[in-house]
Amino acid sequence: MKTLMLGNEAVARGLYEAGCAVVSSYPGTPSTEITEAVAKFPEVYAEWAPNEKVAMETAFGACLAGKRSFCGMKHVGLNVAADPLFTIAYTGVNAGMIIAVADDAGMHSSQNEQDSRHYARSAKLPMLEPADSAEALAFTKAAYELSEQFDTPVLLKMCTRVSHSQSVVETGERVEPPARPYEKTPAKYIMMPGYAKLRHPVVEQRTQALADWAESCPFNRVEAGTDHSMGILTSSTSYQYVKEVVGDKYPVLKLGMVWPLPSKLIRDFAAGVDKLVVVEELDGFLETWCRELGLDVEGKASFSLIDELSQNKVAAKLGTEPEAGKTLETDIPNRPPVMCAGCPHRGLFYTLNKMKLTVLGDIGCYTLGAVAPLSAIDSTICMGASVSGIHGFLKASGGQMDGKTVAVIGDSTFMHSGITGLVNIAYNESNATVIILDNSITGMTGHQQNPTTGFNLKGDPCTKIDLESLCKAVGIRRVRVVDPYDLSQCEQVIKEELAAPEASVVISRRPCALLKYVKHKAPLTVDTGKCVGCKACMKIGCPAISVTDGKAGVDATLCVGCGVCQQLCKFDALQTGEEV
């Protein structure tokens, strides 16, 4: 059956059809929907792991037991999972194992632009890179065959445009291979130095065998052109842009397997054209390989190392005019992200800004506390860095920043990689105050469950981690809970914990305003007779509040009646609305 699917949904369908049995992932845009979609198939066990390292190790354990497995993550998540990645490249697999990594060129929802193809080369693992949903499904199924044929995990590289664009796929039936028996093989799976030394030559032989296989594999193909004055080497979304711009004019070598690379195929292609041009996003990965082959090639001198490509950019660099109607000439106004109306983080960040504290931030929707008018975050690096960072910050300041600095981290991020930082604070005794923003969900990636919510990926009740008990168990004696809608309580508790002579944790607890089970109060109204236009209510940056003709106004379609703005109005102009 033919149907439209997102690239991520197509990967999930490929997992299902290939008989994948175990899926463990951590949500991260643009990879999240793969795991959410595959979880809908009852034949597949799927879970959210606390972080990407745990997910990869879980998937490896499943393949070791003889069942096909999968783990998915975004590009920075692969950094977290790099430790097991490089070692399972040595051990190989039992049943097939796929690792999906989704890059985010353009940084639509990420803290950096990172080219994951380098991981394939460094870890010496094969990497497939689909260019549309049909390939996403087909490559996923083929990756299991490749994994088992060459005894290796296989990297499947997605990106924002392929993950979140729809194209036609043809679905098939699920074929579940028989489980492979597990056999004790110490020399293969115990990576102590004596055995690891024996495995390294196996990895090098495998890489050469994969490179030979890549020369004629179905993932790489040459598409003929009428004008051989230029030939284009490309892959992924860049291939789509190239084809839209040049059509069948120039020959194109389209790579679906981007590591190991087919040296002879590339050389032969280059010999048949007057000029070889590489079109690829981010780093000059393919271009560098061409230069290592001794080829004269053009690439990053024309196409930037920064940001996404587009049809217009490719057309301009290839000297081709875009077709009429395909240019974008209208300036689109910026629409910066903002915390939702009723967001529980808003009152807390207002308090931190008011107290003029140094705030080490973390990864999550609460990172928006950095933007005006809240302007309450000083740094954001990676998952868990706020907790580890405040310890080093205070140790380096020699007591001068004690009582003036806090770390903020979300509940899901704390479970991901904040716990170990808190252990370090307790163990090495810095006077740090860590604020856990517990909104009862993983908010930024679209409301996924996490170990603190009490529900698993499928929505079934499960063990709920008690944050207060956990923090006390690692050695934090002072643990307080506040309601971020109560500004005076937040300020008072934070002041008390900053003044304490030991480490402390403040849990700012209120569920995300967008959760379906959260019941909101009636929208507020404005008594224009009392409003003096002081704009104090605007200091919290709530999208439901505006000022027109010197008077505040509340958008009833957005306001959830949280009452934070009321606490800022000295003239009692913001009135509690009537329940409907």
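See above for the structure.
Note that the structure is predicted; figures quoted are calculated from it, not measured.

Things to note about the overall build of the chain
Scanning the chain from terminus to terminus reveals 19 helices and 23 strands. Relative to the 2.2 N^0.38 estimate, which gives 25 Å for 580 residues, the radius of gyration of the chain is 27 Å and therefore close to what a compact globule would have. When burial is assessed residue by residue, the chain has 54% of its 580 residues classed as buried. Sequence separation of at least 24 residues holds for 74% of the intrachain contacts in the chain that already meet a minimum separation of 6. Accessible area of the chain: about 25,200 Å², with a carbon and sulfur share of 54%. For the chain, the distance from the average site of its 55 positive side-chain charges to the average site of its 66 negative ones is 4 Å.

Things to note about the side chain of serine 110
Residue placement: serine 110 occurs in the loop between β5 (97–103) and α6 (117–123). Polar contacts involving the side chain of serine 110 include one to the side chain of lysine 74, which spans 2.8 Å.

Details of the pattern of salt bridges
One pass over the full model with this rule turns up 35 salt bridges. A salt bridge links glutamate 145 to arginine 68, with the shortest nitrogen-to-oxygen separation between them at 3.3 Å. Of this pair, glutamate 145 sits in helix α7 (residues 133–150) while arginine 68 is found in the loop between α3 (52–64) and β4 (69–74), placing the two residues 77 residues apart along the sequence. Close ionic contact of aspartate 103 with lysine 157 constitutes a salt bridge, the shortest N to O distance being 3.7 Å. Taken together, the residues aspartate 103 in strand β5 and lysine 157 in strand β7 (residues 154–159) connect sequence positions 54 residues apart. On the basis of relative accessible area, lysine 157 is assigned to the buried category, the value being 7%.

Some thoughts on the sheet that holds strand β2 (residues 22–25)
Here we have 7 strands laid out as an open sheet, ordered β3-β2-β4-β5-β7-β6-β12, and mixed in their pairing. The open sheet is flanked by β3 (45–48) and β12 (257–259), the only strands paired with a single partner. Across 2 bridges, β2 lies against β4 in parallel orientation. In the sheet register, valine 23 faces β4, and the bridge partner there is phenylalanine 70.

Focus on the layout of surface pockets
Quantified by volume, the largest pocket comes out at close to 640 Å³. Considering the residues around the largest pocket, the lining is formed by 30 residues, among which Ser109, Gly364, Cys365, Leu368 and Met444 are closest to the centre. Residues belonging to the lining of the largest pocket are distributed by class as follows: 14 nonpolar, 15 polar and 1 charged. Of the voids in this model, the second largest pocket is the one considered here, and its volume is about 430 Å³. In this structure, the second largest pocket is lined by 34 residues; those nearest its centre are Tyr26, Ile363, Met383, Thr413 and Met444. Elements with a contribution of two residues or more to the lining of the second largest pocket: α4 (75–80) and α17 (411–428).

Overview of the packing of aromatic side chains
Per the counting criterion, the structure on display carries 8 aromatic pairs. Consider the rings of tryptophan 259 and phenylalanine 285, whose centres lie 6.1 Å apart with planes at 70 degrees: the pair is edge-to-face. Taken together, the residues tryptophan 259 in strand β12 and phenylalanine 285 in helix α13 (residues 285–292) connect sequence positions 26 residues apart. In this pair, the class of tryptophan 259 matches that of phenylalanine 285, namely buried.

What to know about the sheet that holds strand β10 (residues 231–235)
Read across the sheet, 5 strands follow the order β9-β11-β10-β13-β14 without closing on themselves; strand pairing throughout is mixed. Each end of this open sheet is capped by a strand with a single partner; those strands are β9 (221–223) and β14 (297–298). Of the pairings in the sheet, the one linking β9 to strand β11 (residues 252–255) comprises 3 bridges and is antiparallel in character. Across the sheet, the residue bridging to arginine 221 is lysine 254, located in β11. Running at roughly 150 degrees to strand β13 (residues 276–279), α13 makes contact with β10, β11, β13 and β14 of the sheet.

Overview of the pairing of strand β16 (residues 405–410)
On any regular strand, side chains alternate: one points to one face of the sheet, the next to the other face. When you tally the buried positions in β16, you get 6 out of 6 residues, the bulk of the element. When strand β15 (residues 358–360) meets β16, the two strands line up parallel, connected through 3 bridges. For valine 359, the partnering residue across the bridge sits in β16 and is valine 406. Each parallel crossover has a hand, and for β15 linked through helix α16 (residues 385–397) to β16 it is right-handed.

A short note on the environment of proline 181
Checked against the element boundaries, proline 181 lands in the loop between β8 (166–170) and α9 (186–189). In this structure, the C-alpha to C-alpha distance between proline 181 and alanine 556, residues 375 residues apart in sequence, is 62 Å.

Focus: the environment of serine 412
Assignment of secondary structure puts serine 412 in helix α17. As a C-alpha pair, serine 412 and aspartate 483 span 71 residues in sequence and 18 Å in three-dimensional space. Not counting residues within four places of it along the chain, the set of residues in contact with serine 412 comprises Tyr26, Thr442 and Asn450.

A few points about the packing of helix α5 (residues 82–91) against helix α10 (residues 193–214)
With their axes 8 Å apart at the nearest point, α5 and α10 run at an angle of 85 degrees to one another. Taken together, α5 and α10 sit at an angle that is classed as roughly perpendicular. Residues Ala89, Tyr90 and Thr91 of α5 form the contact with α10, whose own contacting residues are Ala196, Arg199, His200, Val203 and Arg206. For the contact of α5 with α10, the per-class residue count stands at 4 nonpolar, 2 polar and 2 charged.

Details of the side chain of glutamate 281
Positionally, glutamate 281 belongs in the loop between β13 and α13. Among buried Asp, Glu, Lys and Arg side chains, glutamate 281 stands out as unpaired, with lysine 157 the closest opposite charge at 6.5 Å. With sequence-adjacent residues up to four places away left out, glutamate 281 is seen in contact with Ala105, Asp115, Arg117, Thr237, Ser238, Tyr241, Lys300, Glu308 and Leu309.

So, unusual backbone geometry
For the peptide bond that leads from threonine 29 to proline 30, omega is 15 degrees, which places it in the cis range. In this fold, proline 30 is placed in the loop between β2 and α2 (32–38). You will see that lysine 535, though not glycine, has its phi angle at about 65 degrees, which is positive. The topology assignment puts lysine 535 in the loop between β20 (525–526) and β21 (545–548).

Cut-offs and rules
- Numbers given to residues run from 1 along each chain, matching the order in which its sequence is written.
- Thresholds applied to this predicted model are a pLDDT of at least 70 for local features of residues and 80 or more for the giving and counting of side-chain atom pairs; totals over whole chains, interfaces and linings are not thresholded and use all residues.
- Hydrogen atoms and water are omitted, and side-chain values are computed over all heavy atoms in the structure.
- A run of H or I in DSSP counts as a helix once it spans at least four residues, and a run of E counts as a strand once it spans at least two, with each numbered from the N terminus.
- Atoms counted for the radius of gyration: C-alpha only. Globule rule: 2.2 Å times residue count to the power 0.38.
- Here's how the labels work: a residue is buried when its accessible area is under 20% of the maximum for its type, exposed when over 50%, partly exposed in between, all with a 1.4 Å probe on protein chains only.
- Contacts were defined at the residue level, with two residues in contact if any of their heavy atoms lie within 4.5 Å.
- Accessibility throughout is a Shrake-Rupley quantity obtained with a 1.4 Å probe, and a residue counts as covered only by protein chains that appear here.
- Under the convention used here, Asp and Glu are negative, Lys and Arg are positive, and both His and the chain ends fall outside the count.
- We put the charge of a Lys on NZ, of an Arg on CZ, of an Asp on CG and of a Glu on CD.
- We call two N or O atoms a polar contact when they sit within 3.5 Å, provided that within protein one can donate a hydrogen and the other can accept it, with sequence-adjacent residues counted only if both atoms are side-chain atoms.
- Between Lys or Arg on one side and Asp or Glu on the other, a salt bridge is scored when a side-chain nitrogen of the former is within 4 Å of a carboxyl oxygen of the latter.
- The pairing criterion is simple: DSSP has to find at least two bridges between the two strands.
- Here the term cavity refers to a set of points on a 1 Å grid, laid over the protein atoms alone, in which a 1.4 Å probe fits but cannot get out; the term pocket refers to an open set having protein on both sides within 12 Å along at least five of seven lines, with lining residues being those that place an atom within 4 Å of a point.
- Grid points are joined across faces, edges and corners, and a volume is the space filled by probe spheres set on the points.
- Three residue categories are used. Nonpolar comprises Ala, Val, Leu, Ile, Met, Phe, Trp, Tyr, Cys and Pro, charged comprises Asp, Glu, Lys and Arg, and polar comprises the others, including Gly.
- Working definition: rings of Phe, Tyr and Trp (its six-membered ring) pair if their centres are within 6.5 Å, and the pair is stacked with planes under 30 degrees apart, edge-to-face with planes over 60 apart, and tilted otherwise.
- Angles shown run from 0 to 180 degrees and are taken between the N-to-C directions of axes, each axis being a line fitted to C-alpha atoms and, for helices, limited to the stretch in contact.
- The handedness of a crossover follows from its direction of travel: if, with the strands pointing away from the viewer, the path from the first strand over the helix to the second runs clockwise, the crossover is right-handed.
- Put simply, angles under 35 degrees are roughly parallel, angles over 145 are roughly antiparallel, angles from 65 to 115 are roughly perpendicular, and the rest are oblique.

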